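# Commentary on secondary and tertiary structure
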Amino acid sequence: MSAISLQGLDISYGSAKVVEGVSFDVAEGESFALVGESGSGKSTVLKAIAGLAPGWTGEISVLGQPRGHRPGRGFARRCQMVFQDPYGSLHPRKTVDTVLSEPLQVHGLGSRDARVEEMLRAVGLDRRFRFRYPHQLSGGQRQRVAIARALMLEPKVMLLDEPTSALDVSVQAEILNLLKRLRAEQGLTYLMVTHNLPVVGFMCDRMAVMNRGRVVEIAPATALHDGSFADPYSRALYAASGGTAHD
Amino acid sequence: MSAPLLSVEDLRVSFPTPAGRVEVVRGLSFDLGRERLGIVGESGSGKSMTGRAILRLVRAPGQVTAKRMEFEGIEIQSLSERRMHDLRGARISMIMQDPKFSLNPVMTVGRQIAEALQAHERPGRRATRARVLEMLDAVRINEPERVAKMYPHEISGGMGQRVMIAMMLIPRPSLLIADEPTSALDVSVQAQVLDLIDELVRDHGMGLILISHDLNLVSRYCDRIMVMNAGRVVESCAAADLHRAQHPYTRGLLAAVPRMHETRGTLPVLDRSDWSGT
C-alpha cells in the first residue's frame, strides 16, 4: 500500500486550472519531494491532499483510503501539514502549551500534560518554552513548535510546504536534521515541497519536477549528484541551482 | 585598487531598549573601491543596518555614529538632509528585497522609472521617455513600450525586480547597494537578475555592496566578502578564498548548507559557544 497515491489529479481555483494530470505514488516510509518554481502548482498539490484546495478532480488516496474534498477528523489523525512561514502559522495569542494541547482536546485524547512534555522533548525544545507565546520565540523555535503540533496526533504522513525557506542557513540545518531524525524514529512518510534542490539531496529519496502545473519528470534524488535528468526543464532548473552535470 | 569610493571607519548603529542602548553594528570599518563587496551574515547580524546607515536611512530612535563615513571624498554624516536627498538615488542607490512592496502599486512602471530620473535631472519629455525605454531594454525587458504602460501587479516578481533595477540605475549612480535583491525570487530567475546586476555594475564601472545571507551566492558574484556576526565583522577575505575561511563562524555557516552532492547523514550545526564570549 502506498502512503500517498495521486491519479490524474487536476486542480482548479475557480475557472483557472493550475494543476493538470498529476499522478505519482509515494511509498510508506519514503521521503518524496515536489520541486519547481513558484506558480508551478507544487504547493497546490499539497493543499488538495490536505483538503484546503477543494476544486480538484481525479483520485487522491492516503494510506489506502480515498480522500474527500474537505479536511476531516479521521484524516487529521493520519496526515498533517507543516507550513512555510512559522511567523504566520502559529496563533499569536496562544501559548505553545495551548497550541500543542488543542489537537488532543479536539480528538478527545487524554494525558495531555505528559504528551505535550514528551513532544517538546522530541522536537528539541526546552520545557521553559512551554508557556511562551510565539512572539517570544525565534523563527527556528517557532518552526519546531509547528512541527510538534503536526506530530501531536501521531500521524504517519507529513505534508511539508517549504519548511525551512523562511529560516537562516544555520537554523535550516537544525530543522532539517530534526525532520530527518523524526522520520527515522517514527517511521514517517514525507511529501515535501521545496525550490531548494540541495535540500532535496539531503532529505529525500525521490522527487517530482513540476512546471506549469504538470509533472515533467520523476527522478531519484541521486540524479542531483550527476545531473542525470531526462527533461530539459529539469536540467535547466538543476543548472540554475548551481548544479554541474559532469562531476 | 583605485581611490576608495566609500570609506567607513568605526560605524556603530544602536537602538534603545528597556535595558539600555543595544548596538546592532559595532565598530565596522571598510574601504570600497569600484569593486563588488559582499556582506554576509544571519538575520540580526547587522548587515542590512550597515547598508541603511550608509544611505542615512536608519530612523530615530536608531542612532548612527562613525569616526568617518566618506563617499567620493565627501563626509556623509555632515551633509544636510537636502544635500543627502541629492546624493541618495543619484550617486548611491539601493535595491530592496521585495519588488512587491517597493514599487508603487498605483503608478505605471514607466512613470516610476521616469520619476526616479526626474528627481535628479531635468531632461525633456522626449529625452526622459527615450532614457526609460533604453533602460528597460538594458534590463532585458522585451517590448519595453508595452511594459512601461503596465502596473506592478501585472508583471511577475522577476520582472518587478528588473524594473526596480532599472529605476535604481537610471540616474547612473556610482555605488549600488543591493540588500537581498533576489531572496524573494525563484532560483531560475535569481541567476538572471544577479547576472544582470553584475553586468551593469561592470559596464558602468560602479561599486557594488551585495548584502545576503547566502554565502555561495555572494562568493559567486563578489570580489571580496565580509562575514558579519552580532554586529561585527568576524572575517574578511577574497571571494575565491571563501572555502579556505578560518573563523569557526564562517566555517560553521559554510558547513550548514546542504550540498548538491550531499552524502552527509546529518548537517553540522553551529555551536555558538565557540566564538562568542557572551
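Predicted model only: the values in this text are computed from it and were never measured.

This paragraph deals with the UniProt feature "domain: ABC transporter" (unreviewed entry) in chain B. What UniProt calls "domain: ABC transporter" (unreviewed entry) maps, in this numbering, to residues 6-255 of chain B. The straight-line gap between the two end C-alpha atoms of residues 6-255 of chain B is 32 Å; of that span, 37% is helix and 27% is strand.

Bringing the packing of helix α4 (residues 109-118) of chain B against helix α7 (residues 157-169) of chain B into the picture now. Residue and element names in this part refer to chain B. Direction vectors running N to C along α4 and α7 enclose 25°, while the axes themselves pass 8 Å from each other. As summarised for this structure, α4 and α7 are arranged roughly parallel, according to the angle between their axes. Here the hand of the crossing between α4 and α7 comes out right-handed. Residues Val109, Gln112, Ile113 and Ala116 of α4 form the contact with α7, whose participating residues are Val163, Ala166 and Met167. Of the residues contributing to the contact of α4 with α7, the split by class is six nonpolar, one polar and no charged.

Further remarks concern empty space enclosed by the protein. All names here are of chain B. Following the criterion strictly, the structure yields one cavity of 30 Å³ or more and no others. The volume enclosed by the largest cavity comes to roughly 40 Å³. In terms of lining, the largest cavity is formed by Leu194, Ile197, Asp198, Leu208, Leu210 and Tyr221. Looking at the lining of the largest cavity, the elements with two or more residues in it are α8 (187-203) and β9 (207-212). Among the elements that take part in the lining of the largest cavity, α8 stands out by supplying three residues, more than any other.

Turning our eyes to something else, we now look at the sheet that holds strand β5 (residues 65-66) of chain A. All names here are of chain A. Strand order in the open sheet made by the four strands is β2-β1-β4-β5, with antiparallel pairing throughout. Across the chains shown, the open sheet's two edge strands, defined by having one partner strand only, are β2 (16-27) and β5. In this sheet, β2 lies alongside strand β1 (residues 2-13) in antiparallel orientation, the contact comprising eight bridges. Note on β2: the bridge partner recorded for Ser12 is Lys17. Lying on the sheet, helix α1 (residues 42-50) is in contact with β1, β2 and β4 (56-62); it crosses β1 at an angle near 110°.

Of the residues lining the interface, 24 residues belong to chain B; the matching set on chain A comes to 25 residues. Roughly 2200 Å² is buried in total at the junction of chain B and chain A, and carbon and sulfur atoms are behind 60% of that figure. Of all residues in chain B, the largest losses of buried area upon contact with chain A belong to B:Val187, B:Met260 and B:His261, amounting jointly to 30% of the total for that side. Applying the counting criterion to the chain B and chain A interface returns six residue pairs in polar contact (both at pLDDT 80 or more). Put simply, the parts of the chain that give the side of chain B that touches chain A at least two residues each are α8 and α10 (248-256) of chain B. Here the side of chain B that touches chain A takes three residues from α8(B), the largest share from any one element. Partitioning the side of chain B that touches chain A into residue classes produces eleven nonpolar, seven polar and six charged.

All names here are of chain B. The alternating pattern of strand β7 (residues 92-95) places Ile92 and Met94 on one face and Ser93 and Ile95 on the opposite face, and all of these are buried. When β7 meets strand β8 (residues 175-179), the two strands line up parallel, connected through four bridges. Across the sheet, the residue bridging to Met94 is Ile177, located in β8.

All names here are of chain A. Tallying each qualifying case throughout the model produces two aromatic pairs over all chains. With centroids separated by 4.8 Å and ring planes inclined at 20°, the aromatic side chains of Phe24 and Phe32 adopt a geometry described as stacked. The exposure class assigned to Phe24 is buried, which follows from its relative accessible area of 4%. Among the residues examined, Phe32 registers a relative accessible area of 0% and is labelled buried.

All names here are of chain B. In this chain, Ala60 is followed by Pro61 through a cis amide linkage whose omega measures 10°. Mapping Pro61 onto the fold places it in the loop between α1 (47-54) and β4 (63-65). A positive phi angle, near 50°, is found at Glu143, a position not held by glycine. Relative to the helices and strands, Glu143 resides in the loop between α5 (125-138) and α6 (144-148). With a relative accessible area of 48%, Glu143 lands in the partly exposed category. The residue Arg172 is not glycine, and still its phi comes out positive at about 55°. Within the secondary structure, Arg172 sits in the loop between α7 and β8. Take Arg172: its relative accessible area is 45%, and that puts it in the partly exposed class.

Attention now moves to the sheet that holds strand β8 (residues 189-194) of chain A. Residue and element names in this part refer to chain A. What the six strands build is an open sheet, ordered β6-β7-β8-β3-β9-β10; its pairing is mixed. Only two strands of the sheet have a single partner each, and these edge strands are β6 (79-82) and β10 (214-220). On average, each strand axis in the sheet is tilted by 20° relative to the strand beside it, whichever way the strands run. Bridging between strand β3 (residues 31-35) and strand β9 (residues 206-211) involves four bridges; their strand directions are parallel. Looking at β9, one finds that Phe32 is bridged to Arg206.

What follows concerns the UniProt feature "domain: ABC transporter" (unreviewed entry) in chain A. UniProt records the feature "domain: ABC transporter" (unreviewed entry) for residues 4-237 of chain A in the present numbering. Overall, residues 4-237 of chain A shows 36% helix and 27% strand. The separation of its end C-alpha atoms is 25 Å.

Criteria and cut-off values
- Residues numbered from 1 in each chain as written.
- Chains lettered and ligands numbered in written order.
- Predicted model: local features only at pLDDT ≥ 70, side-chain atom pairs only at ≥ 80, totals over all residues.
- Heavy atoms only, no water.
- UniProt positions renumbered as here; feature names shortened; annotations may be inferred.
- Helix = DSSP H or I, 4+ residues; strand = E, 2+ residues; numbered from the N terminus.
- Axes fitted to C-alpha atoms, helices over the stretch in contact; angles between N-to-C directions.
- Parallel < 35°, antiparallel > 145°, perpendicular 65-115°, else oblique.
- Left-handed = near helix turned anticlockwise from the far one by under 90°.
- Contact = heavy atoms within 4.5 Å.
- Nonpolar A, V, L, I, M, F, W, Y, C, P; charged D, E, K, R; others polar.
- 1 Å grid on protein atoms, 1.4 Å probe; cavity = no way out; pocket = protein on both sides within 12 Å on 5 of 7 lines; lining within 4 Å.
- Points joined across faces, edges and corners; volume = space filled by probe spheres on them.
- Pairing = 2+ DSSP bridges.
- Buried area = accessible area lost by both parts, 1.4 Å probe.
- Polar contact = N/O pair within 3.5 Å; in protein donor to acceptor, adjacent residues only side chain to side chain.
- Buried < 20%, exposed > 50% of the residue type's maximum accessible area, 1.4 Å probe, protein only.
- Phe/Tyr/Trp six-rings, centres within 6.5 Å; stacked < 30°, edge-to-face > 60°.

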